[in-house]
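Close look at the chain arrangement
Letter by letter, the chains look like this.
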Amino acid sequence: MVANEWDSIRKQARHLENDIDLKLIAFNKVGVGAASGTTAPAGTSDTSPLLGDHVFETLSIEIEQMLDKLSNINEKMSEIPNSGTAVLHVLQRHREILHGYRQEYLKIQANHTTRMEREELLRGSGLGSAAIGSPSTSGLSRRDMYLKENTHLHNSSSLVNDQISIAMETKEHLSSQRQHLKRFQTRMHDISNRFPLISSLIQRINIRKRRESLILGAVIAVCTILLLLYAFH
């Protein structure tokens, strides 16, 4: 009984996984077609249902519902009392498939949003107005838009290279100033080390000058006294 229930739920999961895979392929085509603004000629039933943002949103809702349903089926599979590494491996494989589908779904949505934002940006610059009309005019305008965008990217790259060159020159200039400051600091250190010797030498010179002044004063005083004694006698 448990084995029959397991097989039934697993068949539902595999069938739903195949449907989600096909939906994701169509979802990706819709995202590319809606963002590029392409239109299909009348009578082409293969591509006409996949056009427009409305179809994209509808498919998005359907895929979300199918992913939620697959998640619920996987939960039911995990609740069935089974044993064995093979069963656990199968269950893990179904969970990995569900995770991969969710990642692919989010990736397609993000790419579609990015393309739409870029198209809106290009239309806002005035390059998209000529695209309304004939397909040849649309293709030409689209090439012009991509060329202009490529030119903008090239100019931005040139500006970045210029800024990098300025930064490198500034770095070299700062390194040179740093070397000069190091040499100046070394000289100041040498002078500060020599200054105590110079101060000691000046102090000894001053002491000697004071001593010589005292000796000269004493000699002058003795000579003056002798002259006075000689004068009075």
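Counting restarts for each chain, with residues numbered from 1 along the sequence as it is written. Only residues with pLDDT of at least 70 get local features here, since the model is predicted, and only at 80 or more are side-chain atom pairs given and counted; chain-wide, interface and lining totals rely on the full set of residues. By convention in this description, side-chain values take in all heavy atoms of the structure and omit both hydrogens and water.

The subject of this paragraph is the overall build of the protein. A run of H or I in DSSP becomes a helix once it reaches four residues, and a run of E becomes a strand once it reaches two; helices and strands are each numbered from the N terminus. Across its full length, the protein holds four helices and zero strands. Tracing the protein from N to C terminus, the helices and strands come up as α-α-α-α. Here the term buried applies to any residue with accessible area under 20% of the maximum for its type, exposed to any over 50%, and partly exposed to those in between, with areas from a 1.4 Å probe on protein chains only. Counting every position in the protein, which comprises 233 residues, the buried fraction comes to 19%. Should any heavy atoms of two residues lie within 4.5 Å, those residues are counted as being in contact. By sequence separation, contacts in the protein at least 24 residues apart represent 77% of the contacts at least 6 residues apart. For the protein, the accessible surface area stands at approximately 17700 Å², while carbon and sulfur atoms represent 60% of it. To measure how exposed things are, a 1.4 Å probe is used in the Shrake-Rupley method; for residues, cover is taken only from the protein chains shown.

The nonpolar core is taken to be a set of buried Ala, Val, Leu, Ile, Met, Phe, Trp, Tyr and Cys residues, with the residues joined through side-chain atoms within 4.5 Å. Ile-20, Leu-24, Phe-27, Leu-67, Leu-70, Met-77 and Tyr-101 are the most contacted members of the largest nonpolar core, which has 26 residues in total. Every element with two or more residues in this core is listed here: α1 (2–36), α2 (53–79) and α3 (85–124). Discounting chain neighbours no more than four positions away, the residues touching Phe-27 are Phe-56, Leu-59, Ser-60, Ile-63, Tyr-105, Ile-108 and Gln-109.

Think of it this way: side chains of opposite charge can pair up when their charged atoms draw near. One speaks of a salt bridge when a side-chain nitrogen belonging to Lys or Arg is within 4 Å of a carboxyl oxygen belonging to Asp or Glu. The full count for this structure, using the stated rule, is three salt bridges. Asp-68 is the partner of Arg-102 in a salt bridge, and the nearest nitrogen-oxygen pair spans 3.6 Å. Remark: Asp-68 occurs in helix α2 and Arg-102 occurs in helix α3; sequence separation between them is 34 residues. Glu-96 is the salt-bridge partner of Arg-93, the closest N and O atoms lying 3.8 Å from each other. Placement of both Arg-93 and Glu-96 in helix α3 is noted, with a separation of three residues, approximately one turn of the helix.

For the α-helix, the turn length of 3.6 residues means that residues three or four positions removed from each other point alike. A helix's residues, less one, multiplied by 1.5 Å, set its expected span. For α2, built from 27 residues, the straight-helix expectation of 39 Å at 1.5 Å per residue is met to within 8% by its first-to-last C-alpha distance of 39 Å. Along α2, the positions that sit buried rather than exposed are Val-55, Phe-56, Leu-59, Ser-60, Ile-63, Met-66, Leu-67, Leu-70, Ile-73, Asn-74 and Met-77.

Turning our eyes to something else, we now look at the packing of aromatic side chains. Between rings of Phe, Tyr and Trp, where Trp is taken as its six-membered ring, a pair exists when centres lie within 6.5 Å; planes separated by under 30 degrees are stacked, by over 60 edge-to-face, and by other angles tilted. For the structure shown, the criterion picks out two aromatic pairs. Here the aromatic rings of Phe-27 and Phe-56 are separated by 4.5 Å at their centres, their planes lie at 20°, and the arrangement is stacked. In this pair, Phe-27 sits in helix α1 while Phe-56 sits in helix α2, placing the two residues 29 residues apart along the sequence. In this pair, the class of Phe-27 matches that of Phe-56, namely buried. Aromatic pair Phe-27 and Tyr-105: ring centres 5.5 Å apart, planes at 25°, arrangement stacked.

For the rest of this paragraph, the subject is the side chain of Ser-60. The residue Ser-60 is located in helix α2 in this model. We define a polar contact as two N or O atoms separated by no more than 3.5 Å, with the added condition that, inside protein, one atom must be a possible hydrogen donor and the other a possible acceptor, whereas residues neighbouring each other in sequence contribute only through side-chain atom pairs. A distance of 2.9 Å separates a polar atom in the side chain of Ser-60 from a polar atom in the side chain of Gln-109.

Further remarks concern the confidence of the model for the protein. As a per-residue measure, pLDDT tells how confident the predictor is, with possible values from 0 to 100. Residue-level pLDDT values for the protein average 77, and 78% of them are 70 or greater. Low pLDDT (under 50) marks residues 127–138, which in the prediction has 11 contacts with non-local residues, meaning those over four places away or in another chain.

Each patch is built from residues lacking any salt bridge and having more than 30% relative accessible area; the joining distance is 9 Å for like charges and 5 Å for nonpolar side chains (Val, Leu, Ile, Met, Phe, Trp, Tyr). On the surface, Val-222, Ile-225, Leu-226 and Leu-229 cluster together into a nonpolar patch covering about 380 Å² of accessible area. Secondary-structure assignment places Val-222 in helix α4 (residues 135–232).

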